[in-house]
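Reading the structure
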Amino acid sequence: MSLVKPTVDFIYAWQHPAEIADEVEAELRFHMQMRTSANIEKGMTPEEAQLAASDSFGDFDRIKTSCCEIKRVFPIDMKHIRMGLYIGLACLAGGVALIAVNLPHHSPFSVLWQLVAIAVLMRAFLIGRRKQ
Amino acid sequence: MVTKAKAGLLQGTLDMLILKSLSAGPLHGYGIGQRIAQISGDELKIEEGSLYPGLYRLERRGWIESEWDVSANNQRAKFYKLTRAGRKQLIVEEQNWERLASATMRALRAN
């Protein structure tokens, strides 16, 4: 399953934010070093090479923050979880309604179950409408 | 609205190029940038920093995975490689891109 590792990484990123930030920084610094070395090979002075590497890379801190934030994003598409929630609520409402119609009509529990069924159905309807 | 659609297209293109560059084997971030420039005949130059958020997004989706290793110049570097899901996604992206490119060309050539 390809989502196992991203999920483990996601949990690790929330538990160890400092380590993740250090790891991202090390990776970005490696890139800058490689670019600086390539610029020196092209004939630039070390200072020019470093400046050019920094210019071509962009905003280091913004990129680092962006990478750290991506690490902390839940890897599973929320659309699927939401869909599961709707189906679960609809099943629950159906189950409650089924119990309600099978109880004797004179029973006070029947009225109670019918009210619960209406409440669950209304809740499912309102959640569904809000997400659209 | 136009800006959003344009940004989406560019991001999707970068994702596809990253996947394509890794199809030949594992590379570190700098190597991926170099490889994209090489396979596009130096026609495509991406802002180097923007590559990394792209890499992290692809890793989160499970299309690539990474591990720290030693680079050719004996430095610790993070190497990325395609997962099986990533290979499948690359095929899908290539097909989508070909369809889009041929449809655009047809539209441009229409009288």
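Residues numbered from 1 in each chain as written. Chains lettered and ligands numbered in written order. Predicted model: local features only at pLDDT ≥ 70, side-chain atom pairs only at ≥ 80, totals over all residues.

1. Some remarks on the overall build of chain B
The helix and strand inventory of chain B stands at four helices and three strands. Counting only C-alpha atoms, chain B reaches 60 × 30 × 30 Å along its principal axes. Across the 111 residues of chain B, 30% fall into the buried class. Expressed as a percentage of contacts within chain B between residues at least 6 apart in sequence, the contacts between residues at least 24 apart total 44%. (Helix = DSSP H or I, 4+ residues; strand = E, 2+ residues; numbered from the N terminus. Buried ≥ 20, exposed ≤ 12 C-beta atoms within 10 Å, placed from the backbone. Contact = placed C-beta atoms within 7 Å.)

2. Notes on the packing of helix α2 (residues 17–41) of chain A against helix α4 (residues 60–71) of chain A
Any two packed helices are characterised by how steeply their axes cross, that is the angle between the axes, and by the distance between the axes. Residue and element names in this part refer to chain A. Contact geometry for α2 and α4: axes closest at 10 Å, N-to-C directions at 130 degrees. Judged by the angle between their axes, α2 and α4 are oblique. Pair α2 / α4 crosses with right-handed handedness. Across the interface between the two elements, Ile20, Ala21, Val24, Glu25 and Leu28 of α2 pack against Phe60, Ile63, Lys64, Cys67, Cys68 and Lys71 of α4. Grouping the amino acids of the contact of α2 with α4 by side-chain chemistry returns eight nonpolar, no polar and three charged. (Axes fitted to C-alpha atoms, helices over the stretch in contact; angles between N-to-C directions. Parallel < 35°, antiparallel > 145°, perpendicular 65-115°, else oblique. Left-handed = near helix turned anticlockwise from the far one by under 90°. Nonpolar A, V, L, I, M, F, W, Y, C, P; charged D, E, K, R; others polar.)

3. Regarding the pairing of strand β3 (residues 76–82) of chain B
Residue and element names in this part refer to chain B. Of the strand pairs in this sheet, strand β1 (residues 27–28) and β3 are connected by two bridges, and their pairing is antiparallel. By the bridge assignment for β3, Leu27 is matched with Tyr80. Here strand β2 (residues 64–70) pairs with β3 via seven bridges, running antiparallel. Note that in β3 the partner of Ile64 across the bridge is Leu82. (Pairing = 2+ DSSP bridges.)

4. Details of unusual backbone geometry
All names here are of chain B. At Asp42, a position not held by glycine, the phi torsion is positive, near 65 degrees. One can find Asp42 in the loop between α2 (29–39) and α3 (51–60). Here Asn74, not a glycine, exhibits a phi torsion of approximately 60 degrees, which is positive. Inspection of the secondary structure assignment puts Asn74 in the loop between β2 and β3. Owing to 7 C-beta atoms within 10 Å, Asn74 belongs among the exposed residues under this scheme.

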